[in-house]
Amino acid sequence: MPATLTGLDLRIAFLYGAEMNIYGDRGNIIALTRRAEWRGLAVTIEQVGIGERLTPGYHDLYFFGGGQDKEQIAVAADLARRDNGDKGATIREAIEADAVALTICGGYQLFGHHYRPHNGPELPGIGIIDVTSEAGPDRFIGNSIIATPDGDLVGFENHSALTFVGPGAAPFGTVTVGAGNNGRDGTGGARYRHAYGCYLHGSLLPKNPWFTDLLLTQALARRHGPVELPPLADDLERAAHNSAARRAWATR
Amino acid sequence: MDPRLTLALLGARATTLAARLTRRGGGTAAPGLVAERLDPAALRKLGAALAGGALVVGGTNGKTTTAHMVATILDKAGRRVVHNRSGSNLVRGVLAALAAQSSLGGVPRGDVGVIEADEAALPAIVTAIRPRFILLNNLFRDQLDRYGELDHIATRWRAAVATLDADTTLIVNADDPMLVGVTAALPRERIIYFGMAAAEPAAVDRRLTLDVLPHAADAATCSRCGGRLAYRALYLSHLGDWFCPACGNARPAPDIVARDIRLDGVKALSLSVEATGDASAVNSSLVIRHSSFPLHVPLPGLYNAYNALAATAAALAFGLSPGEVTSGLAGFTAAFGRIERVALEGREIVLALVKNPTGFNEVLRMLVGGGDADAGLATPTMLIINDLDADGRDVSWLWDVDFEILAWGEAPLHTAGIRGPDMAVRLKYAGVAPGRIAAHPPGELRAALLDFVRAAPAGATVYILPTYTAMLEARGILVDLGAARDFWQQ
């Protein structure tokens, strides 16, 4: 284990940051960056957009947020293209080689096999997390809590899709407030290796600092081996987490 | 005489009276609900009775201020104006306002209507009222859990304006590519475009132009070909002198242009307006002659330059003279809560509503730019964030605001409200030194406000930036402490 983290670098890919950045999802990038920099790490963020190539094996952590329908359709089409490098295959190989991914909402759906809208053609995903999504009859809007084995995640869900977890992935946790993946089976989010997906905006990471640190630890381990992140003064983050959780129970 | 309409107006009046007697506050929408039940066509009938026609004002930001400006200019010019002044802008709120300003026989106490419309309600309102003018000011990302996605609103607006008669003229912000897309199918002579003209590049003021699209702005895409737009000048969010490198689509030349914008801190702004003289609609009564005149607006911030320009375009379209516009705006006071000054315990409080990322960005830009922009914010500031329906239940939008602008400067930053703790975290992650952040717990706003005000030296100015329901709550506390008046008495 390195004696000090200072000078270690972390490479983040912000997938389709221009198109898929709705509901404050870039707050997750901010939280990852700040909490890494506060530990003396050097962070680089590369925004990878439509028509751009992704360097194989380069990034430690991929972030993929949600977007409007129009943008999500354009992004799904770009992910299916093979003429400018196969981004789906690049990310899939990276996840198999211990890279980390956080995907939210539309990004979560596109990390799965497909999203089937009410009308219009099916959007193919890149099939990294074994989930499928389809348009549902209702929109799930509200504060939400997912209880995972490692701790609670609190955020805000806003989706009409129903997502179902297949045998090749594990539910990320149990939804204790809100609808979670589909409002039916009680599951919230999904994970495969170090790729995580869920519907929580909020932004998710700033007020769930334990999860941010888990992602950072796993991302650093890919190239730098096991690291232990020194603790930070998280009073404000904990207060926000607790008040958001109380708000979730009060408004459910 | 229309007995059904009279019954509806009686019902509205009785509801208003009952609300006043039981002291349930302004009672802004319930009378509309009653009137609508008694006569579903009441809104259409009252709108049609406005002899001078109506103006419906839509847009994510600035619609209350802009509608207020137009009403003030018309009023000072001697026109009798019917206006939903309280900002109650859903279908029933508009109906309630028109009902309250009409005789029981259905005759409005005015000849022109100025109607502010909520984005989601705008299609229904314009379909019922059939206004002479529709002013489209901007489309920004709002609290999306309330309205659905921006494209969806643009699509509904496009459908609504397509159904209107040829004698409805659109007054459109040419700097907003989404709005130009909304009205692109209409004949050019039915549209009056307004927009800003860039200063000489050498004289560009950082408060007037942006180097990059703010994070709150949606990816600006061409409504014609879907390509990424580029800007010759970018003024505010995605508003600017835009063009599409892929297909050649570009900002239409504005008929009403703002130049030489000067911002005077948190107090006022000035600009010069040029009407190019090209705007004439199929309706022959609408001719805007060439003119050029200075405007002084006693409101701060670049966003209010857009509001003033929009109001000017509307007033000119109603046939008013440049002189009437200038004098109408000179004595303008802000709409409720948008920008207010009150005194409390020897401190001056400037209250500025923040309701979505773009609005928040613009208020921060105004406050930080009020002093020496390089020194950052020097004035103590309290941010009050609620998450009730009218605020947007999802506070994710705080992460789309560029609070990084507050990382410079020494000013203490207080956070309060139901989601004050989220705001405190946002400030910390924006790079604000934790020692500058005073996080007040939710549910203790009165104590938090007093603590905040008393922490500032006597004679100081402080800023309070609340979301909508936080503004109502804060104002209620300030009223209680003797610092402000009830809004419906203004």
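The shown structure was predicted, so the numbers you read here are calculated from the model rather than taken from an experiment. (Residues numbered from 1 in each chain as written. Chains lettered and ligands numbered in written order. Predicted model: local features only at pLDDT ≥ 70, side-chain atom pairs only at ≥ 80, totals over all residues. Heavy atoms only, no water.)

Notes on the overall build of chain B
Logical step 1: Of regular secondary structure, chain B possesses 15 helices and 17 strands.
Logical step 2: Here chain B holds 490 residues, and the buried ones make up 60% of them.
Logical step 3: Pairs at least 24 residues apart make up 73% of the contacts formed inside chain B by residues separated by at least 6 positions.
Logical step 4: Total accessible area computed for chain B in this model is approximately 17900 Å², and 55% of it derives from carbon and sulfur atoms. (Helix = DSSP H or I, 4+ residues; strand = E, 2+ residues; numbered from the N terminus. Buried < 20%, exposed > 50% of the residue type's maximum accessible area, 1.4 Å probe, protein only. Contact = heavy atoms within 4.5 Å. Areas by Shrake-Rupley, 256 points an atom, 1.4 Å probe, with all protein chains shown as cover.)

Quick notes on the packing of helix 1 (residues 3-21) of chain B against helix 2 (residues 30-38) of chain B
Residues and elements named next belong to chain B.
Logical step 1: Where helix 1 contacts helix 2, the two axes come as close as 8 Å, and the packing angle between them is 155 degrees. Regarding the angle of helix 1 to helix 2, the classification is roughly antiparallel. In the packing of helix 1 onto helix 2, the handedness of the crossing is right-handed. Between helix 1 and helix 2, the contacting residues are Arg4, Leu7, Ala8, Gly11, Ala12, Thr15 and Thr16 on the first element and Ala30, Pro31, Val34, Ala35 and Leu38 on the second.
Logical step 2: Along the lines of polarity and charge, the residues of the contact of helix 1 with helix 2 split into 8 nonpolar, 3 polar and 1 charged. (Axes fitted to C-alpha atoms, helices over the stretch in contact; angles between N-to-C directions. Parallel < 35°, antiparallel > 145°, perpendicular 65-115°, else oblique. Left-handed = near helix turned anticlockwise from the far one by under 90°. Nonpolar A, V, L, I, M, F, W, Y, C, P; charged D, E, K, R; others polar.)

Quick look at helix 2 (residues 69-80) of chain A
Logical step 1: Taking 1.5 Å as the rise per residue, helix 2 of chain A with 12 residues should run 16 Å; its terminal C-alpha atoms sit 17 Å apart, in good agreement.
Logical step 2: Those residues of helix 2 of chain A lying buried are Glu71, Gln72, Val75, Ala76, Asp78 and Leu79 of chain A. What you see down the axis of helix 2 of chain A is that its buried residues fit within an arc of 160 degrees, all on one side.
Logical step 3: Buried residues belonging to helix 2 of chain A abut strand 3 (61-64), helix 3 (87-96), helix 4 (106-111) and strand 6 (123-124) of chain A together with helix 8 (150-162) of chain B. (Expected span 1.5 Å × (residues − 1). Arc of directions from axis to C-beta.)

Regarding the interface of chain B and chain A
Many analyses report the size of an interface as the accessible area lost when the parts associate.
Logical step 1: Listed as interface residues are 36 residues of chain B and, on the opposing side, 37 residues of chain A.
Logical step 2: Summed over both sides, the interface between chain B and chain A buries roughly 3000 Å², with carbon and sulfur atoms accounting for 49% of that surface.
Logical step 3: Area buried by chain B at its contact with chain A is led by Glu149, Trp399 and Tyr429 of chain B, which between them contribute 24% of it.
Logical step 4: One can count 6 salt bridges joining chain B with chain A.
Logical step 5: Viewed at the interface, chain A and chain B are joined by 17 residue pairs in polar contact (both at pLDDT 80 or more).
Logical step 6: Those elements giving two or more residues to the side of chain B that touches chain A turn out to be helix 7 (144-147), helix 8, helix 13 (420-429) and strand 16 (437-439) of chain B. (Buried area = accessible area lost by both parts, 1.4 Å probe. Salt bridge = Lys/Arg side-chain N within 4 Å of Asp/Glu carboxyl O. Polar contact = N/O pair within 3.5 Å; in protein donor to acceptor, adjacent residues only side chain to side chain.)

Some remarks on the nonpolar core
In a soluble, globular protein the nonpolar side chains are often hidden away together inside.
Logical step 1: Core analysis: the biggest nonpolar cluster contains 152 residues, and Phe111 of chain A together with Leu55, Ile171, Ile256, Phe360 and Phe403 of chain B have the highest contact counts within it.
Logical step 2: Among the elements that make up this core, the one with the highest residue count is helix 10 (residues 302-317) of chain B (13 residues).
Logical step 3: Formed jointly, this core draws a minimum of three residues from each of two domains, domain 1 (3-330) and domain 2 (339-489) of chain B.
Logical step 4: Ignoring anything within four residues of it in the chain, the contact list for Ile171 of chain B reads Leu55, Phe133, Ile134, Leu135, Leu136, Ile192, Phe194, Ala313, Ala314 and Ala317 of chain B.
Logical step 5: By size, the runner-up hydrophobic cluster in this structure holds 48 residues, among which are Ala42, Ala54, Val172 and Ala220 of chain B. (Core = buried A, V, L, I, M, F, W, Y, C linked by side-chain atoms within 4.5 Å. Domains from an automatic or database assignment.)

A look at the sheet that holds strand 3 (residues 112-116) of chain B
Residues and elements named next belong to chain B.
Logical step 1: Read across the sheet, 9 strands follow the order 2-3-1-4-5-6-9-10-11 without closing on themselves; strand pairing throughout is mixed. Taken across any chain shown, the strands that pair with only one partner, and hence form the sheet edges, are strand 2 (81-83) and strand 11 (291-297). Each neighbouring strand pair of the sheet contributes to a mean axis angle of 20 degrees, computed without reference to strand direction.
Logical step 2: Note that strand 5 (residues 169-173) and strand 6 (residues 191-196) share 4 bridges and pair parallel. Bridge pairing in strand 6 links Ile171 to Ile192. (Pairing = 2+ DSSP bridges.)

Regarding the UniProt feature "binding site: Zn(2+)" (unreviewed entry) in chain B
Residue and element names in this part refer to chain B.
Logical step 1: UniProt records the feature "binding site: Zn(2+)" (unreviewed entry) for Cys222, Cys225, Cys244 and Cys247 in the present numbering. Taking the farthest pair of C-alpha atoms as the criterion, the annotated set spanning 26 residues converges on one region, since that pair is 8.6 Å apart.
Logical step 2: Along the polypeptide, Cys222 turns up in the loop between strand 6 and strand 7 (230-236).
Logical step 3: Once residues within four sequence positions are removed from consideration, Cys222 is found in contact with Gly227, Leu229, Cys244, Cys247 and Asn249.
Logical step 4: Mapped onto the secondary structure, Cys244 falls in the loop between strand 8 (239-243) and strand 9 (256-264).
Logical step 5: In this view, Cys244 contacts Cys222, Cys225, Leu229 and Asn249; residues no more than four positions away in its chain are not counted. (UniProt positions renumbered as here; feature names shortened; annotations may be inferred.)

Quick look at the domain arrangement of chain B
Logical step 1: Each assigned domain of chain B is listed with its residue range as follows: domain 1 (3-330) and domain 2 (339-489).
Logical step 2: Taking only C-alpha atoms into account, the centre of domain 1 of chain B sits 27 Å from that of domain 2 of chain B.

Structural notes on the pattern of salt bridges
Residue and element names in this part refer to chain B.
Logical step 1: Here the structure, examined in full by the defined rule, presents 40 salt bridges over all chains.
Logical step 2: Glu36 serves as the salt-bridge partner of Arg92, at 2.9 Å between the closest nitrogen and oxygen. Of the two residues, Arg92 sits in helix 5 (residues 91-100) while Glu36 sits in helix 2, which places them 56 residues apart along the sequence.
Logical step 3: Residue class for Arg92 comes out partly exposed when judged on its relative accessible area of 38%.
Logical step 4: For Arg232, the salt bridge goes to Asp241, with nearest N and O atoms at 3.6 Å.
Logical step 5: The class for Arg232 is exposed, based on a relative accessible area of 56%.
Logical step 6: Look at Asp241 and you get buried, because its relative accessible area is 17%.

Details of helix 1 (residues 26-37) of chain A
Logical step 1: Helix length check: helix 1 of chain A, at 12 residues, gives a terminal C-alpha distance of 17 Å against a target of 16 Å (1.5 Å per residue), a fit within 8%.
Logical step 2: Extensive coverage of helix 1 of chain A is indicated by the burial of 10 of its 12 residues.

Focus: the sheet that holds strand 16 of chain B
All names here are of chain B.
Logical step 1: The 6 strands lie next to each other as 12-13-17-14-15-16, forming an open sheet whose pairing is mixed. With one partner strand each, in any of the chains shown, strand 12 (339-344) and strand 16 form the two edges of the open sheet. On average, adjacent strands in this sheet sit at an angle of 20 degrees to one another, irrespective of strand direction.
Logical step 2: As judged from the 4 bridges shared by strand 13 (residues 347-352) and strand 17 (residues 461-466), these two strands associate in the parallel manner. Looking at the pairing, Glu348 lines up with Thr461 of strand 17.

Description of the pairing of strand 9 of chain B
All names here are of chain B.
Logical step 1: Of the strand pairs in this sheet, strand 6 and strand 9 are connected by 3 bridges, and their pairing is parallel. Residue pairing across strands places Phe194 opposite Ile256, the latter belonging to strand 9.
Logical step 2: Pairing analysis gives 7 bridges linking strand 9 to strand 10 (residues 268-275), with the strands arranged antiparallel. Bridge pairing in strand 10 links Arg259 to Ser272.
Logical step 3: In sequence, strand 9 turns back onto strand 10 through a hairpin of 3 residues, with Gly265 there showing a positive phi of about 55 degrees.

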